[in-house]
Amino acid sequence: MSSKVRTRFAPSPTGFMHVGNLRTALYEYLIAKSLGGDFVLRIEDTDQERKVEGAVDIIYNTMKLAGLKHDEGPDVGGEYGPYVQSERKNMYLPYAEQLIENGKAYRCFCTKERLDGLRANADDPGAGYDRHCRNLSQEEIEQKLADNVPFVIRQKMPLEGSTTFEDAVYGTITVENSELQDQILIKADGFPTYNFANVIDDHTMNITHVVRGSEYLSSTPKYNLLYESFGWKIPTYVHLPLIMGKNDDGSISKLSKRHGATSFEDLVNAGFLPEAIINYIALLGWAPKDNREMFTLSELVENFSIDGISKSPAVFDYDKLEWFNGEYIKAMTVEQFAQAADPYFSKALGDKNLDRVKLASILQQRTTKLTDIPEKIAFFAQQPDYDKELFVNKKSKTNLENAPSLLKAGTEALEALTEWNHDSIHDCLIELAVKLGVKNGTAMWPVRIAASGMTVTPGGAVEILDILGREESLARLHKGLEKLG
RNA sequence: GGCCCGGUGGUCAAGCGGCUAAGACACCGCCCUUUCACGGCGGUAACACGGGUUCGAUUCCCGUCCGGGUCACCA
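Basis of the calculations
- Residues numbered from 1 in each chain as written.
- Chains lettered and ligands numbered in written order.
- Predicted model: local features only at pLDDT ≥ 70, side-chain atom pairs only at ≥ 80, totals over all residues.
- Heavy atoms only, no water.
- Helix = DSSP H or I, 4+ residues; strand = E, 2+ residues; numbered from the N terminus.
- Expected span 1.5 Å × (residues − 1).
- Buried < 20%, exposed > 50% of the residue type's maximum accessible area, 1.4 Å probe, protein only.
- Arc of directions from axis to C-beta.
- Polar contact = N/O pair within 3.5 Å; in protein donor to acceptor, adjacent residues only side chain to side chain.
- Contact = heavy atoms within 4.5 Å.
- Axes fitted to C-alpha atoms, helices over the stretch in contact; angles between N-to-C directions.
- Parallel < 35°, antiparallel > 145°, perpendicular 65-115°, else oblique.
- Nonpolar A, V, L, I, M, F, W, Y, C, P; charged D, E, K, R; others polar.
- Core = buried A, V, L, I, M, F, W, Y, C linked by side-chain atoms within 4.5 Å.
- Pairing = 2+ DSSP bridges.

Draft legend 1. Seen up close, helix α2 (residues 55-66). When the terminal C-alpha atoms of α2 are compared, their 17 Å separation across 12 residues agrees well with the 16 Å that a helix rising 1.5 Å per residue should span. Taken residue by residue, α2 has Ala55, Ile59, Thr62, Met63 and Ala66 as its buried positions. The arc that holds the buried residues of α2, viewed along the axis, is 95°, so those residues lie on one side. Turned more than 90 degrees away from the buried face of α2 sit Asp57 and Lys64, all of them exposed. At the exit of α2 stands Gly67, carrying a positive phi of roughly 85°.

Draft legend 2. Seen up close, the side chain of Asn393. Within the secondary structure, Asn393 sits in the loop between α14 (373-381) and α15 (403-415). For Asn393, a relative accessible area of 18% corresponds to the buried category. Separated by 3.3 Å, the side chain of Asn393 and the backbone nitrogen of Lys395 make a polar contact. If near-sequence neighbours (up to four positions away) are discounted, Asn393 is found in contact with Thr398 and Trp445.

Draft legend 3. The packing of helix α3 (residues 89-101) against helix α7 (residues 220-230), seen in detail. Direction vectors running N to C along α3 and α7 enclose 80°, while the axes themselves pass 11 Å from each other. Relative to α7, the element α3 is oriented roughly perpendicular. On the side of α3, the interface is formed by Tyr95, Gln98 and Leu99, while α7 contributes Leu226, Ser229 and Phe230. When its residues are assigned to classes, the contact of α3 with α7 shows four nonpolar, two polar and no charged.

Draft legend 4. Representation of the packing of α3 against helix α6 (residues 194-204). Two elements in contact, α3 and α6, have axes whose closest approach is 10 Å; the angle formed by their N-to-C orientations is 105°. Overall, the two elements α3 and α6 adopt an arrangement that is roughly perpendicular. In contact with Met91, Tyr92, Tyr95, Ala96 and Leu99 of α3, α6 contributes Phe196, Ala197, Ile200, Asp201 and Thr204.

Draft legend 5. Region of the structure containing the nonpolar core. One finds Leu68, Phe196, Phe316, Phe380, Leu414 and Leu429 to be the most contacted residues of the largest nonpolar core, which totals 127 residues. The dominant element in this core, judged by the number of residues it contributes, is helix α1 (residues 19-34), at nine residues. Phe316 has contacts with Val19, Ile243, Met244, Leu255, Leu267, Tyr280, Ile281, Leu284 and Leu321, leaving out every residue within four places of it along the chain. Judged by nonpolar contacts, the second largest core, of 10 residues, contains Cys110, Cys133, Leu136 and Val152.

Draft legend 6. Main features of the sheet that holds strand β3 (residues 105-108). Pairing is antiparallel in the open sheet, where three strands are placed in the order β3-β4-β7. The open sheet has two edge strands with one neighbour each: β3 and β7 (184-186). Mean inter-strand twist for the sheet, computed between neighbouring axes without regard to direction, equals 40°. Looking at chain direction, strand β4 (residues 152-155) and β7 are connected through two bridges and run antiparallel. Note on β7: the bridge partner recorded for Arg154 is Ile184.

Structure representation (structure tokens):
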């Protein structure tokens, strides 16, 4: 019972879900599930000044869309609740006070101004708090308390020695204790800092694997000192390499807004499918034993293992994400694709009534992002004004001399059709090519150009004519004839 | 700046003392083809550098360089 693996995703409600966070959540989920454990969602809202309205809903929504179902959390409950830190507020102070009694922490009455001044006057950019209140006499402390001087509670770091810990991906890491700041545990407003709340919550929620970004690597000793002060078992640490973005000048830095869409929502709005996003980010920093790349979430659970996690930072590659997206789109049934694409069809077509399943069938194989759809099919709704030079195509052996007669023959043949469907149109144009003694492409090119007004179209002449319908098609062909004189 | 971590093609990434150093994306070429795509085939391209250790280093150790992270009453 007590050996059951438990991981937790502990986001702050900031209003959006950065892909780095999402990947952390994914790995936490995968570690828990691949080991038969539980995945917990905890909301870290200890910063009262940064609260964002509706931010928690975005978290729920993202997790749901991504398929990361948590076993415990604010919305589903669980035996370790509450799962929102602000609701746990009064749990933390007693622990901090216990630390004070044990000489592992102390009250600090320094003002924000004094601290700022300290930083401003130091020539060492890494200079921290000067531990001014660390050795206050009992009288001084009581006097200030009596005077109601606001205070924070700081952790009393050892001045000598070093702290070593084991990370499941980075191995053994040692940090000199002298590098450690007397970090704040409880803020003046009574709320715990992230670092303190984390330790208390992870322990009281029985979290066995602490999974987080590698930016926490160097502060982990502080956490461990806290665990040791309480006599608690230190969890297994799994630090993840950061996700980077490529800057315009070629340099890289932590993935952020300027690199493009970086939140899950942005990505979805940019036309990426949740499954593709998950699949891609799973592989950003982790590799399976074999060469496999396509994984559903449950397949990831089956194949995931911590030793496949890499140590070096990975650059987020939109091209590769797009490739994954295209693969997922191609793997859909036409009906599924038609449904996913429907909003984009509407955007391009308005109230123009065309067979959307047929549209979907010509689009599916050539779509990598749903958002690319509208511009590809806009010509169905309204034919663009095109130049007659489009009728010239070397490969199809068409030019301004033969195009008029070719198009005329095609138009007449199509007009004679009694049935208007894919097969009849197809047979009609193929027969025409045979009759004229030209390549299929030569007969088709002028027809497709006249029907679409574009050199590049999804689908060929036959599909376009079929979808456009007899009346509209013939009208467009005649217009093409006029254009050619 | 101190400390921590990292360094295999443009990107992701196998490799864990002996290999012609995988694979994928991107890129280029060819084929297929009624355009574009899809698909198929092929190609260009990498162990940051310098010392060790070893019969032998991409792999182990040290240094250099480069990159990233971290030093908040933010998480």
